Amino acid sequence: MYLRAAADSDFPFLVDILLHAFNWSGEPTFTKDQLLNTPAVSHYVAGWKREQDFGTVAETDDGRPIGAVWARLLSQADPGYGFVSDAIPELTMGVLPGHRGSGAGTALMTAVVEQAQGLGIDALSLSVEDANPARRLYERAGFRKVDRSGDSDTMLLRLP
Ligand SMILES: CC(C)(COP(=O)(O)OP(=O)(O)OC[C@H]1O[C@@H](n2cnc3c(N)ncnc32)[C@H](O)[C@@H]1OP(=O)(O)O)[C@@H](O)C(=O)NCCC(=O)NCCS
């Protein structure tokens, strides 16, 4: 597996991953069309890659993307599910089924935290639904619950 910085051309793959992130339970919550036409969801990828967007893509040895994590600043006027402040980017992440449980997600998280630190960012946030086992990965990475929204926790990682 290789890791590389997410690029403008990764937009279609990030849409796929966003779909997996929202459909994490296996129950299809959204189709791709619904996702792209629901502003509260499509704002995680709309206009990618904006100036302050950053992220990492994991690829197989032969260059096929298998997972991604990215950070995006959203605003109080158009907040994400894991919104904390206008200055704290929110993460979205996912690994394709069939490639999970082998360390890709952990490697992606480590990489995006390093990217954020390199950019001098103070903290990263995310939202995780109650039953999603991804929570354990986030806790291991140092994220802590700071808020509650519906059946999800907002988690924050403060960066030194
Ligand atoms: C969460 C996810 C990105 C982790 O990637 P991964 O490559 O499986 O992660 P790793 O192998 O590095 O680490 C394993 C950890 O990931 C999480 N995980 C493993 N399988 C998972 C799955 N099917 N769904 C959700 N999380 C899973 C668990 O925290 C696991 O740790 P544990 O063994 O202590 O339970 C990936 O499982 C995934 O894409 N899940 C579906 C989409 C999703 O939930 N995105 C996040 C929305 S908040």
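Source: prediction; values computed, not measured. (Residues numbered from 1 in each chain as written. Predicted model: local features only at pLDDT ≥ 70, side-chain atom pairs only at ≥ 80, totals over all residues. Heavy atoms only, no water.)

**Describing the overall build of the chain**
Next up, step 1: When helices and strands are tallied, the chain shows five helices and seven strands.
Next up, step 2: Reading the secondary structure of the chain in the N-to-C direction produces β-α-α-α-β-β-β-α-β-α-β-β.
Next up, step 3: Relative to the 2.2 N^0.38 estimate, which gives 15 Å for 160 residues, the radius of gyration of the chain is 14 Å and therefore close to what a compact globule would have.
Next up, step 4: In terms of principal-axis extent, the alpha carbons of the chain reach across some 40 × 35 × 30 Å.
Next up, step 5: Looking at the chain alone, contacts between residues at least 24 apart form 60% of all its contacts between residues at least 6 apart. (Helix = DSSP H or I, 4+ residues; strand = E, 2+ residues; numbered from the N terminus. Rg over C-alpha atoms; globule rule 2.2 N^0.38 Å. Contact = heavy atoms within 4.5 Å.)

**Looking at the nonpolar core**
Next up, step 1: Of all hydrophobic cores here, the largest spans 25 residues; its most connected members are Leu91, Met109, Leu124, Leu126, Tyr138 and Phe143.
Next up, step 2: Mapped onto this core, the elements with two or more residues apiece are β2 (54-59), β3 (65-72), β4 (90-95), α4 (104-118), β5 (123-129), α5 (134-140) and β7 (152-158).
Next up, step 3: Ranked by the residues each element gives to this core, the list is headed by α4, at six residues.
Next up, step 4: Within the second largest apolar cluster, 19 residues are counted, among which are Ile17, Leu18, Val41 and Val45. (Core = buried A, V, L, I, M, F, W, Y, C linked by side-chain atoms within 4.5 Å. Buried < 20%, exposed > 50% of the residue type's maximum accessible area, 1.4 Å probe, protein only.)

**Focus on the layout of surface pockets**
Next up, step 1: Approximately 910 Å³ is the volume found for the largest pocket.
Next up, step 2: Contributing to the lining of the largest pocket are 37 residues, with Trp24, Met93, Asn132, Ala134 and Tyr138 lying nearest its centre.
Next up, step 3: Looking at the lining of the largest pocket, the element that brings in the most residues is β4, giving six residues.
Next up, step 4: Partitioning the lining of the largest pocket into residue classes produces 17 nonpolar, 14 polar and six charged. (1 Å grid on protein atoms, 1.4 Å probe; cavity = no way out; pocket = protein on both sides within 12 Å on 5 of 7 lines; lining within 4 Å. Points joined across faces, edges and corners; volume = space filled by probe spheres on them. Nonpolar A, V, L, I, M, F, W, Y, C, P; charged D, E, K, R; others polar.)

**Overview of α4**
Next up, step 1: With 15 residues, α4 extends 21 Å between its outermost C-alpha atoms, agreeing within 8% with the 21 Å of an ideal straight helix rising 1.5 Å per residue.
Next up, step 2: Buried within α4 we find Ala104, Gly105, Leu108, Met109, Ala111, Val112, Val113 and Ala116.
Next up, step 3: Within two residues after α4, Gly120 carries a phi angle of roughly 75°, on the positive side. (Expected span 1.5 Å × (residues − 1).)

**Describing the site of the ligand**
Next up, step 1: Of all residues adjacent to the ligand, which total 21 residues, the nearest are Val95, Gly103, Thr106, Pro133 and Arg136.
Next up, step 2: The contact in question runs from a nitrogen atom of the ligand to an N or O atom on the backbone of Ala134, over 3.3 Å.
Next up, step 3: Within the side chain of Arg140, a nitrogen or oxygen atom sits 2.9 Å from an oxygen atom of the ligand.
Next up, step 4: When the free accessible area of the ligand is taken as 830 Å², the share hidden by the protein chains comes to 80%.
Next up, step 5: Secondary structure elements with two or more residues in the shell around the ligand: α1 (11-22), β4, α4 and α5.
Next up, step 6: The biggest single contributor to the shell around the ligand is α5, with five residues. (Near = heavy atom within 4 Å. Polar contact = N/O pair within 3.5 Å; in protein donor to acceptor, adjacent residues only side chain to side chain. Areas by Shrake-Rupley, 256 points an atom, 1.4 Å probe, with all protein chains shown as cover.)

**Some points on the UniProt feature "domain: N-acetyltransferase" (unreviewed entry) in the chain**
Next up, step 1: The feature "domain: N-acetyltransferase" (unreviewed entry), as given by UniProt, occupies residues 1-160 in the numbering adopted here.
Next up, step 2: A helix fraction of 27% and a strand fraction of 28% characterise residues 1-160, whose end C-alpha atoms lie 28 Å from each other. (UniProt positions renumbered as here; feature names shortened; annotations may be inferred.)

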